[in-house]
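Breakdown of the fold
Each chain, written out:
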Amino acid sequence: MKKSVFLGALTVAGLSAGVAAAGTLDDVKARGKLNCGVTTGLVGFAAPDANGHWEGFDVGVCRAVAAAVLGDKDAVEFVPTTGKTRFTALASGEVDMLARNTTWTFSRDVDLKFEFVGVNYYDGQGFMVPKELGVSSAKELDGATVCIQTGTTTELNLADFFRSNNISYEPVPIETNAEAQQQFLAGACDVYTTDASGLAATRATFENPGDFVVLPEIISKEPLGPLVRHGDAEWGDVVRWTLNSLIAAEELGITSANIGELSSGTDNPEINRMLGTEGTLGEMLGLDAEWAKRAIMAGGNYGELFEKNIGASTPIGLARGLNAQWTEGGLLYAPPFR
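Here is a short report on the structure shown in this document.

What counts, and where the lines are drawn
Residues numbered from 1 in each chain as written. Predicted model: local features only at pLDDT ≥ 70, side-chain atom pairs only at ≥ 80, totals over all residues. Heavy atoms only, no water. Axes fitted to C-alpha atoms, helices over the stretch in contact; angles between N-to-C directions. Helix = DSSP H or I, 4+ residues; strand = E, 2+ residues; numbered from the N terminus. Left-handed = near helix turned anticlockwise from the far one by under 90°. Contact = heavy atoms within 4.5 Å. Nonpolar A, V, L, I, M, F, W, Y, C, P; charged D, E, K, R; others polar. Phe/Tyr/Trp six-rings, centres within 6.5 Å; stacked < 30°, edge-to-face > 60°. Buried < 20%, exposed > 50% of the residue type's maximum accessible area, 1.4 Å probe, protein only. Lys NZ or Arg CZ within 6 Å of the ring centre and 35° of its normal. Pairing = 2+ DSSP bridges.

1. Brief notes about the packing of helix α3 (residues 57–70) against helix α9 (residues 233–252)
For the pair α3 and α9, interaxial distance at closest approach is 10 Å and the crossing angle is 115°. As α3 packs across α9, the resulting crossing turns out to be right-handed. Contact with α3, carried on its side by Ala64, Val65, Ala68 and Val69, involves Trp235, Val238, Val239, Thr242 and Leu246 of α9 and no other residues of that element. A class-by-class count of the residues in the contact of α3 with α9 yields eight nonpolar, one polar and no charged.

2. Details of the packing of aromatic side chains
By the definition in use, this model includes 20 aromatic pairs. Look at Phe45 and Tyr121: their rings are 5.9 Å apart centre to centre, the planes differ by 85°, and that puts the pair in the edge-to-face class. Of the two residues, Phe45 is situated in the loop between β1 (34–39) and β2 (47–48) and Tyr121 in strand β7 (residues 121–123); the sequence distance between them amounts to 76 residues. An identical accessibility class is assigned to Phe45 and Tyr121; each is buried. Site record: aromatic cluster; members linked through ring pairs are Phe45, Phe57, Tyr121, Tyr302 and Phe306. In this structure, Arg320 is placed above the aromatic ring of Phe306, and the distance from its NZ or CZ to the ring centre is 5.1 Å.

3. Section: the sheet that holds strand β10 (residues 169–174)
The strands making up a sheet associate through backbone hydrogen bonding, with each pair oriented either parallel or antiparallel. Across the sheet, five strands lie side by side as β10-β9-β11-β8-β12; this open sheet has mixed pairing. In the strand order of this sheet, the two ends are held by β10 and β12 (212–214), each with one partner. On average, each strand axis in the sheet is tilted by 30° relative to the strand beside it, whichever way the strands run. Here strand β9 (residues 144–149) pairs with strand β11 (residues 191–195) via two bridges, running parallel. Looking at β11, one finds that Val146 is bridged to Val191. Here helix α7 (residues 177–185) sits on the sheet in contact with β8 (125–130), β9, β10, β11 and β12, set at roughly 135° to β10.

Written as structure tokens, this is what we have:
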């Protein structure tokens, strides 16, 4: 999920610069719909249900932006993208933003001309193997076959890890998570490697998840977050501060259950500014006063989105860990709404 691009950087950058000049916020308002690039399907993060309704942690970010800008969390067209197609879709204007487990890296930010607006999940690359393989460490995988998504930084991390530990592997190229699951379960590879969160989400869909283990090694830093095109700061601000509103809402105790009451005014000036009863933050963004209120109401604050989609009580069962609020020992931290 941490994909690098196989197009020439100049091609992607050129597409991006041309589209950004159009003014994405105005385009989205005129269209009445947000085009949001997501993964082709990763349960808990972004996947359609039996009725074709998209659900998940990343989907929640898309819906929050749609609610903030358009007043309707369902005014979203979800565009499935792979590691190879996602950056072209964003650069060409096919989508207005990406929210699909994409790692913030130097080259994507600088060379490919994209703007990461924040981090909504701090992750790292891991390894999953069948329990019957009998290994307890990735360092025991010498000679293993490894299912690896093409067009990803996962490939580079994998090569570095095996080389630095003086062990070898045989790659089994796959393009989507669904294909990875199929190949892995069929025994076409001994190991599946991707973000640790993706491994947990994938294992949760298996008929017998207990037959598989995620090894203890985390071999990289993978700050995952939404991104937009360079050159359109107004739109970048909208997506950035929508994400920040979800994070800050959790810290400030604003939830989907109490937001109606808090919207009538509180003795906390920052809550009042966020929810539009004081100040002109919405006007500064080119939105109305209740933009953040609608974003939070779309699916709840950051913590609510996390627990509903990928948290400890779900089949995926992820602990907050680094994704806890800074006040709880995690890395989540929203700048002040001031």
